Amino acid sequence: MENISVEKLMIEAKKASEYSYSPYSHFTVGAALLCADGEIVTAANVENRSYGLTICAERSAVVKAISLGKTDYKALAIYCGKADYPVSPCGACRQVISEFADGSMPVYFSGVDINNRVETTVAELFPFDALSEMKNGRYEE
Ligand code: THU
């Protein structure tokens, strides 16, 4: 990854998790999205007493980046401060990430230990994605 190490991105995700609002699950999650311009957009999970309104950290990071006009990304790191295993993005987040990121984009996720992390890609997390097939022109006549 250009200039920014995976470790640095994981540390940014960890820092973001400190802002987690998670009084119901106590699952503190942070995400750090490395944008093509080199900026890192971070976010934390924000829960609600109406549980279904909870917004995951990584989905929030993508929405925040889009709202800042940043539409190209290089990598995403996700950190959970309350698990001793790597916490992967939920299905809804995988779909949202895949809306904007290339299938080849690296995704890193860990639990409390950033060195015990999974290193994967958007396409591995969300295979058979019709949108990326459209982007690749597969459905053009
Ligand atoms: N959560 C995230 O923010 N990202 C993940 O990848 C897994 C789950 C949050 C949602 C909820 O606030 C809490 O973790 C428990 O599911």
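Just so it is clear, the structure is predicted and the values come from calculations on it, not from any experiment.

Novice: Hey, could you go over the sheet that holds strand β4 (residues 106-110) for me, with residue numbers and the actual values?
Specialist: Sheets are built from strands paired through backbone hydrogen bonds, the pairs being either parallel or antiparallel. Taking strand neighbours across the sheet as the criterion, the five strands line up as β2-β1-β3-β4-β5 in an open arrangement whose pairing is mixed. Of all strands in the sheet, those bounded by a partner on one side alone are β2 (40-44) and β5 (117-121). Each strand of the sheet is rotated relative to its neighbour by a mean of 15°, with strand direction disregarded. Those strands touched by helix α2 (residues 57-67) are β1 (29-35), β2 and β3 (73-80), and its axis lies near 35° from that of β1.

Novice: Please give an account of the site of the ligand that cites residues and values.
Specialist: Taken together, S25, F27, V29, N45, E47, T54, C56, A57, E58, V87, S88 and P89 make up the full set of residues adjacent to the ligand. E58 is positioned such that a nitrogen or oxygen atom in its side chain is 2.6 Å from an oxygen atom of the ligand. Taking S88, its main chain carries an N or O atom lying 3.3 Å from an oxygen atom of the ligand. If the ligand stood free it would expose 370 Å²; the protein chains cover 82% of that surface.

Novice: Would you mind going over the environment of T120 in detail, with residue names and values included?
Specialist: With respect to the element layout, T120 can be found in strand β5. Linking T120 and S67, residues 53 residues apart in sequence, is a C-alpha distance of 26 Å. Apart from the residues within four sequence positions on either side, T120 is in contact with M105, P106, V107, F109 and L125. A distance of 2.5 Å separates polar atoms of two side chains, one belonging to T120 and the other to E124.

Novice: Describe the pairing of β4, with residues and values.
Specialist: Of all five residues in β4, four are buried; the element is thus mostly enclosed. Where β3 meets β4, four bridges bridge the pair, whose relative direction is parallel. From the neighbouring strand, L76 faces β4, where its bridge partner is V107. The hairpin formed by β4 and β5 contains six residues between the paired strands.

Novice: Describe the pattern of salt bridges, with residues and values.
Specialist: Throughout the structure, instances matching the rule amount to four salt bridges. The salt bridge partner of E119 is R117, with a shortest N-O separation of 2.8 Å. Residue classification places E119 among the partly exposed positions, given a relative accessible area of 48%.

Novice: A description of the pairing of β5 should follow, citing residues and the corresponding values.
Specialist: Across five bridges, the pairing between β4 and β5 is antiparallel. Within β5, the position partnered with F109 by the bridge is V118.

What counts and what doesn't
- Residues numbered from 1 in each chain as written.
- Predicted model: local features only at pLDDT ≥ 70, side-chain atom pairs only at ≥ 80, totals over all residues.
- Heavy atoms only, no water.
- Pairing = 2+ DSSP bridges.
- Helix = DSSP H or I, 4+ residues; strand = E, 2+ residues; numbered from the N terminus.
- Axes fitted to C-alpha atoms, helices over the stretch in contact; angles between N-to-C directions.
- Contact = heavy atoms within 4.5 Å.
- Near = heavy atom within 4 Å.
- Polar contact = N/O pair within 3.5 Å; in protein donor to acceptor, adjacent residues only side chain to side chain.
- Areas by Shrake-Rupley, 256 points an atom, 1.4 Å probe, with all protein chains shown as cover.
- Buried < 20%, exposed > 50% of the residue type's maximum accessible area, 1.4 Å probe, protein only.
- Salt bridge = Lys/Arg side-chain N within 4 Å of Asp/Glu carboxyl O.

Keep in mind these values describe shape, not function.
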